[in-house]
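# Structure assessment
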Amino acid sequence: MRTIQNFIDGAFTGDPDGKTFTKRSPVTGQVIATVTEAGAAEVDAAVSAARRALKGDWGKLTTDQRVDLLHALADGITQRFEDFVEAEMADTGQPRHVMTHAFIPRGAANFKVFADTVKTAATEAFEMVTPDGAGALNYAIRRPKGVIGVIAPWNAPFLLMTWKVGPALACGNTVVVKPSEETPQTTTLLGEVMNAVGIPKGVFNVVHGFGPDSAGAFLTQHPDVDAITFTGETLTGTAIMKAAAEGVRDVSFEMGGKNAGIVFADCDLDAAVDGIFRSAFLNTGQVCLGTERVYVERPIFEAFTNRLKTKAESVSLGRPDDPKADYGPLISLDHREKVLSYYKLAVEEGATVVTGGGVPDMPEDLAGGNWIQPTIWTGLPDHARVVREEIFGPCCHIRPFDGEEEVVALANDTDYGLSTSLWTRDLSRAHRLAGEIEVGITWVNSWFLRDLRTAFGGSKQSGIGREGGAHSLEFYTETRNVCVKL
Ligand code: NAD
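About the thresholds
Residues numbered from 1 in each chain as written. Predicted model: local features only at pLDDT ≥ 70, side-chain atom pairs only at ≥ 80, totals over all residues. Heavy atoms only, no water. Salt bridge = Lys/Arg side-chain N within 4 Å of Asp/Glu carboxyl O. Helix = DSSP H or I, 4+ residues; strand = E, 2+ residues; numbered from the N terminus. Buried < 20%, exposed > 50% of the residue type's maximum accessible area, 1.4 Å probe, protein only. Axes fitted to C-alpha atoms, helices over the stretch in contact; angles between N-to-C directions. Left-handed = near helix turned anticlockwise from the far one by under 90°. Contact = heavy atoms within 4.5 Å. Nonpolar A, V, L, I, M, F, W, Y, C, P; charged D, E, K, R; others polar. Phe/Tyr/Trp six-rings, centres within 6.5 Å; stacked < 30°, edge-to-face > 60°. Lys NZ or Arg CZ within 6 Å of the ring centre and 35° of its normal. Core = buried A, V, L, I, M, F, W, Y, C linked by side-chain atoms within 4.5 Å. Domains from an automatic or database assignment. Near = heavy atom within 4 Å. Polar contact = N/O pair within 3.5 Å; in protein donor to acceptor, adjacent residues only side chain to side chain. Areas by Shrake-Rupley, 256 points an atom, 1.4 Å probe, with all protein chains shown as cover. 1 Å grid on protein atoms, 1.4 Å probe; cavity = no way out; pocket = protein on both sides within 12 Å on 5 of 7 lines; lining within 4 Å. Sits in = over half its atoms within 2 Å of the grid points. Pairing = 2+ DSSP bridges. Buried area = accessible area lost by both parts, 1.4 Å probe. Expected span 1.5 Å × (residues − 1).

## Quick word on the pattern of salt bridges
- Tallied over the entire structure, the rule returns 34 salt bridges.
- The partner of Asp321 in a salt bridge is Arg96, and the shortest N-O contact between them spans 2.9 Å. Taken together, the residues span a long stretch of sequence, with Asp321 in the loop between α11 (301-313) and α12 (333-348) and Arg96 in helix α5 (residues 96-119) at a distance of 225 residues.
- Given the relative accessible area of 48%, Asp321 is considered partly exposed.
- One network of salt bridges, in which partners are shared, links Glu82, Glu86, Arg96 and Asp321.

## Focus: the packing of helix α14 (residues 404-412) against helix α15 (residues 427-436)
- Here α14 crosses α15 at 35°, and the two axes come no closer than 11 Å. The chirality of how α14 crosses α15 is right-handed. Contacts from Glu404, Val408 and Asn412 in α14 reach Arg429, Arg432, Leu433 and Glu436 in α15.
- Residue composition of the contact of α14 with α15, by class: two nonpolar, one polar and four charged.

## Things to note about the packing of aromatic side chains
- In the structure shown here, the tally under the stated rule is 16 aromatic pairs.
- Ring centres 6.2 Å apart and planes at 45° place the aromatic pair Phe7 and Phe204 in the tilted group. Residue Phe7 is located in strand β2 (residues 6-8), and its partner Phe204 is located in strand β10 (residues 204-206); the two are separated by 197 residues in the primary sequence. Phe204 carries the same exposure label as Phe7, and that label is buried.
- Counting every residue linked through ring pairs, the aromatic cluster contains Phe7, Phe12 and Phe204.
- The residue whose ring lies beneath Lys311 is Phe277, and the NZ or CZ to ring-centre distance is 5.0 Å.

## Topic: the nonpolar core
- Grouped together as the largest cluster of nonpolar side chains are 59 residues, with contacts concentrated most on Ile77, Val165, Val175, Leu190, Phe204 and Leu289.
- Counting contributing residues, this core receives three or more from each of domain 1 (2-255 + 462-485) and domain 2 (259-451).

## A closer look at the site of the ligand
- Surrounding the ligand, one finds 31 residues, the nearest of these being Ala152, Lys178, Glu181, Thr236 and Glu390.
- Measuring from a nitrogen atom of the ligand, one finds a backbone N or O atom of Met255 at 2.7 Å.
- Interatomic distance of 2.6 Å between a side-chain N/O atom of Glu390 and an oxygen atom of the ligand.
- Alone, the ligand offers 850 Å² of accessible surface; in the complex the protein occludes 92% of this.
- Here the ligand occupies the largest pocket.

## Some remarks on the sheet that holds strand β16 (residues 375-378)
- Taken in spatial order, the seven strands line up as β15-β16-β17-β14-β13-β19-β20 in an open sheet, and their pairing is mixed. At either end of the open sheet lies a strand with only one pairing partner, and these are β15 (352-355) and β20 (441-444). Along the sheet, successive strands turn relative to each other by an average axial angle of 25°, direction set aside.
- One ladder, built from four bridges, connects β16 with strand β17 (residues 395-401); its direction is parallel. Bridging across to β17, Thr378 finds its partner in Ile398.
- Each of β13 (259-263), β14 (291-297), β16, β17 and β19 (419-423) touches helix α10 (residues 269-281); the most contacted strand, β19, lies at about 160° to it.

## A word on the domain arrangement of the chain
- Under the domain assignment used here, the chain contains domain 1 (2-255 + 462-485) and domain 2 (259-451).
- For domain 1 versus domain 2, the distance between C-alpha centres works out to 31 Å.
- Counting from both sides, the interface comprises 25 residues of domain 1 and, opposite them, 30 residues of domain 2.
- Counting the surface lost from both domain 1 and domain 2, the interface buries some 2,100 Å², and carbon and sulfur atoms represent 53% of this.
- Counting every contact that joins domain 1 to domain 2 gives one salt bridge.
- In this assembly, domain 1 and domain 2 are joined by 11 residue pairs in polar contact (both at pLDDT 80 or more).
- Those elements giving two or more residues to the side of domain 1 that touches domain 2 turn out to be α4 (81-92) and α5.
- A total of four residues in the side of domain 1 that touches domain 2 trace back to one element, the largest contributor, which is α5.
- Partitioned by chemical class, the residues of the side of domain 1 that touches domain 2 number eight nonpolar, 10 polar and seven charged.

## Concerning α4
- For α4, spanning 12 residues, the distance from its first C-alpha to its last is 16 Å, which sits close to the expected 16 Å at 1.5 Å a residue.
- Along α4, the positions that sit buried rather than exposed are Phe84, Val85, Ala87, Glu88, Met89, Asp91 and Thr92.

## Remarks on the pairing of strand β11 (residues 227-231)
- Where burial is concerned, most of β11 is hidden: five out of the five residues are buried.
- By the alternation rule, side chains of β11 split into Ala227, Thr229 and Thr231 and Ile228 and Phe230, which are all buried.
- Here strand β8 (residues 147-151) runs beside β11; their pairing, made up of four bridges, is parallel. Note that in β11 the partner of Ile148 across the bridge is Ala227.
- Across five bridges, the pairing between β11 and strand β12 (residues 250-254) is parallel. Its bridge partner being in β12, Thr229 is matched across the sheet by Ser252.

What follows is the structure in structure tokens.
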């Protein structure tokens, strides 16, 4: 059993009052770690440390020095690759190959990519005509925004946390991170690497705990936090936005989705079935970009549904270290209760259950885990809650459509606007629809291809702002204009 502590001002600290919570394995249900819960005093200490570092050693570094340190940090993560993989597998219960191919290497890459982005970033300059004819030169400079509060989710913990901490530090800010209570380990481990590679103390701080009346709320309500970046549920974002209104602090939000996959009859059917399958079930459906609404053009509706069913029924669930396991369990028993409540609701709302719909039989040693069956429905009305609300489990509803106009209206009939995937051989149509579907990211004949230099974020209630490449600079720096009379 591990003990996970807060990381404040370069040191691991327990709570003086001994307040802790437990982390259970999603795979077995057994307690695997005791985690120190930060109270208001610890959050205040972390924010103060971040402020001191900003004005001290960290703030005095040149961009080149910062960039070198962030490259060293990425290398330091790679040197402890196996420790990160083990910790993330233990917290999430997802297979080793997901950790080794995506979660951990992408986490390390986030530091290099954003360091290089900052190193090569240009700013604007305008020559201006003045009434006396002498003219003036305007140019922009960028300065760090200050102390950034980072609130992270549990579904791809290390990748999504570093996606924020990487650009924040590259731009010269300092951070206080509140990882999800479900996934405290890799963020804490990062503190060790920060110390090992010589990142000054106070630049990166970690406070553990929950949301309301705990570390999350204490951090977002702290008056000395200059800006808040958050990934998580839209409802949580609403609470954080209210907290940020006090003091008029800036926010960047990456939130929920109810993403549509749109499959036209002229698609490459093999590719479309594979793509929708991955997008619905990867990470046991716990992906913000995942597809929970599938629209299939009527001539191929039956063939598509049958093929997706066959694939879903071939999914192998197992321990992270089982090489045959495609997916692990859900993150927690609470989350399984939520997903199962939608499985029940789907039937009440009139769905035909194509496959799944419950809890699978697992071997005795895994019986305490949060296992769940991949599930497909058809036949629900468009107003059904199962079609409208984010479930965040391994499930999707498939509905037939007739023509472009109908499917655009269906895809846009949602409060969310994160992503969509289009499957068609008609590229003119793909370009046309990409302009009409109200989302931050449209994939054509693909899903989850991410170039870290591109803009990432959601429309409508899926987010505020864009992060990625140079877009992250807009949030993590303040642009100041200098006007020089010539
Ligand atoms: P969540 O909103 O429950 O929790 C996210 C974080 O917010 C956690 O650290 C939690 O402790 C904290 N929190 C909760 N209430 C808070 C409060 N009142 N004040 C401050 N902090 C608070 O989300 P989750 O269950 O961890 O993650 C799943 C959700 O995240 C899904 O909705 C998913 O779509 C979304 N998500 C979005 C993206 C994206 O890029 N758009 C990426 C991943 C996940």
